[in-house]
Structure formats: structure tokens, C-alpha cells
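Read off the chains here:
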Amino acid sequence: MQADATNTVDPSEIAKFEAMAAEWWDPKGKFKPLHMMNPVRLEYITTQIAAEFDRDLKGPKPFEGLRILDIGCGGGLLCEPMARLGATVVGADAAERNIPVARLHAEQSGLDIDYRHTTAEAMAAAGEQFDVVLNMEVVEHVADPLGYLTACQQLLKPGRLHLCSTINRNPKSFAMAIVGAEWIMRWLPKGTHQWDKFITPDELYELMTNAGMEPVDRKGYVFNFARFTWSISDRDLSVNYVTAALKPS
């Protein structure tokens, strides 16, 4: 089934991120939560890729030869580390204002990254394929999660790796991701997230399976308020979590 080229984009969600585009690389700005979370995101991503493709992370360019897509790339917080590890990186985002911010920062950092204002569906329709699709904190913002994940599956070469993170849907996630992050800490503007669009781990596994992928792993990202740090948990998926899935060969 070929995904429709436009059916999963939610214009109201895109507008939220357009308004914040200039702040992507400000670690104390509106994307502070992502800057704080980025080390554990990168730990999970690099470990999964290294294991799947038998790469030594201690080498100089361990991801050389791999083509990686970061869909919903924002300002490039994940694209740049992937490029430094040697991958050929494409960063795509439906929010047009994010792209020049990402391009400028990559240029200033001396990195060659292919940034595009486009959607997963449009890239799938064009026949693009990758070894790894990074799909981080995006699926809770789209209008049609199954259609979107189907496009992500089509963007993978057979046997290749899809990494997807999102937010669980339960009272704790409402308290932490919305009340805590948006209302009290003011890390994000009010209304950045909609609790009813959050997705439970079992729901995401079912969606990925229905989209033609095989889920193989899931972990939680846990925030410790006492230490003000993030860590990866094998068991606690109650708020933020990340999954790995493969496209059948």
C-alpha cells in the first residue's frame, strides 16, 4: 500500500513548530527538554544502529556507508551527530522554517547534511530508501499515525532499522509532559502537546506491525527531578519511551 503524499500532516501541529524554529539550538530556550534528553536519545540510537549493522562505535566513522533519514528533523539536533559518525544524512521536516535554521547550523559546524522541506509520504512516493529511519517525537503530532508509519516503513530498505520515540498516554504522562513541562516548568509553550494524541507502547507496537514492521525492542526515557537528568530504563515506559523495529527482508 502506497501512503498518500499529504494525508498525515496536521497543519496546526506544523504551525506550533514553525513559531519556535529560531530557538532550536538554544539549550535554554523552548527546546530545552530535547537538549536535556539528547544524550540518552543518542545513546539508544547509536547502540541500536551499531548492533544492527555490526559497527564499532569506538572507530573514527562507525556509520560510514549508512544512509540515515531523520524525519521531523527540526533544527538538526540528531542529524549532526549522525553526520559526525560518518553517515550520509537526510533531514526532512514539514515545518518549512526549520530547514534554513538546520542548514545554517550544519554549515557553521562544517557538516554536509541534506536538509529538505518535505514529508515522509512525499519521499516514499518518490522511491527514497534508507538503512535507518529516525522518527523521534513526531508520531504524536501527525493526523494519521498508521498512514505516517506506513510511509516510514516504505522509506526503509528491506531488513533495515526504524527507531521511533513518543509519549505514553496515561495520567502520569499528562502530569509530567503537559502540566509539568508546559504549565509549571514552562519548558515548552502551552498547547505543544495534546494528551489524547499520545500513544501507548502497545498501541505503537500494533501500529508498526500494521504498517509492515517487526517491533524488536522498547525502552523508557526517565527524568530524575532530584538529579535533573535523563536515563534509559528497561522497565519504566510510563512517560517517554523509544522503540526499535525492522522492515522484513
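For the structure itself, consult the block above.
Residues numbered from 1 in each chain as written. Predicted model: local features only at pLDDT ≥ 70, side-chain atom pairs only at ≥ 80, totals over all residues. Heavy atoms only, no water.

Engineer: Explanation requested: the overall build of the protein chain in the structure shown.
Structural biologist: If you tally the helices and strands in the protein chain, you get eight helices and eight strands. In the protein chain, 70% of the contacts between residues at least 6 apart in sequence involve partners at least 24 apart. (Helix = DSSP H or I, 4+ residues; strand = E, 2+ residues; numbered from the N terminus. Contact = heavy atoms within 4.5 Å.)

Engineer: I keep staring at the pattern of salt bridges and nothing clicks. Help me out?
Structural biologist: With the rule as written, the count across this model stands at 12 salt bridges. With a shortest N-O distance of 2.6 Å, E128 and R116 are connected by a salt bridge. On the criterion of sequence distance, the pair formed by E128 in the loop between α5 (120–125) and β4 (130–136) and R116 in strand β3 (residues 114–117) is long-range, its members being 12 residues apart. Here E128 falls in the buried class, since its relative accessible area comes to 18%. Note that D131 and R160 form a salt bridge whose closest N and O atoms lie 3.0 Å from each other. (Salt bridge = Lys/Arg side-chain N within 4 Å of Asp/Glu carboxyl O. Buried < 20%, exposed > 50% of the residue type's maximum accessible area, 1.4 Å probe, protein only.)

Engineer: Is there a simple way to think about the packing of helix α6 (residues 145–154) against helix α8 (residues 201–210) in this case?
Structural biologist: Packed helices, taken two at a time, are described by the angle their axes make and the gap between the axes. In contact at an axis separation of 8 Å, α6 and α8 are set at 55 degrees when each is read in the N-to-C sense. Overall, the two elements α6 and α8 adopt an arrangement that is oblique. You can see that α6 and α8 cross each other, and the crossing is right-handed. Across from P145, L146 and L149 in α6, the residues of α8 making contact are L204, L207, M208 and N210. Residue composition of the contact of α6 with α8, by class: six nonpolar, one polar and no charged. (Axes fitted to C-alpha atoms, helices over the stretch in contact; angles between N-to-C directions. Parallel < 35°, antiparallel > 145°, perpendicular 65-115°, else oblique. Left-handed = near helix turned anticlockwise from the far one by under 90°. Nonpolar A, V, L, I, M, F, W, Y, C, P; charged D, E, K, R; others polar.)

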